[in-house]
Amino acid sequence: MLASCDEYPFASTWQGANTGGSYSQRMIDAKQNSGGGRALSLFYLYNRIIEKDRFLVWIT
């Protein structure tokens, strides 16, 4: 298994790891991480999420 570092909040958000704020990280399967990134990009596209738009993440 090839591992990749995943983080939450998403790196692509204003609260993400890129901002230097508080976040969690964990090594996960690289294919799953890439798939999650693609899914997140599609979520932004289909829901017309643009810079500084607020959205909620529901974990079920």
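See the structure printed just above.
Residues numbered from 1 in each chain as written. Predicted model: local features only at pLDDT ≥ 70, side-chain atom pairs only at ≥ 80, totals over all residues. Heavy atoms only, no water.

**What to know about the overall build of the protein**
So, step 1. The secondary structure content of the protein amounts to 1 helix and 2 strands.
So, step 2. Along the chain direction, N to C, the helices and strands of the protein fall in the order β-β-α.
So, step 3. Considering only C-alpha atoms, the protein reaches an extent of 35 × 25 × 20 Å along its principal axes.
So, step 4. Looking at the protein as a whole, 15% of its 60 residues are labelled buried.
So, step 5. Excluding contacts between residues fewer than 6 apart, the proportion of contacts in the protein whose partners are at least 24 apart in sequence is 43%.
So, step 6. Accessible surface, the protein as shown: approximately 5300 Å² in total, 55% of it carbon and sulfur.
So, step 7. Positive and negative charge centroids in the protein, built from 6 and 5 side chains respectively, lie 4 Å apart. (Helix = DSSP H or I, 4+ residues; strand = E, 2+ residues; numbered from the N terminus. Buried < 20%, exposed > 50% of the residue type's maximum accessible area, 1.4 Å probe, protein only. Contact = heavy atoms within 4.5 Å. Areas by Shrake-Rupley, 256 points an atom, 1.4 Å probe, with all protein chains shown as cover. Lys, Arg positive; Asp, Glu negative; His and termini not counted. Charge placed at Lys NZ, Arg CZ, Asp CG, Glu CD.)

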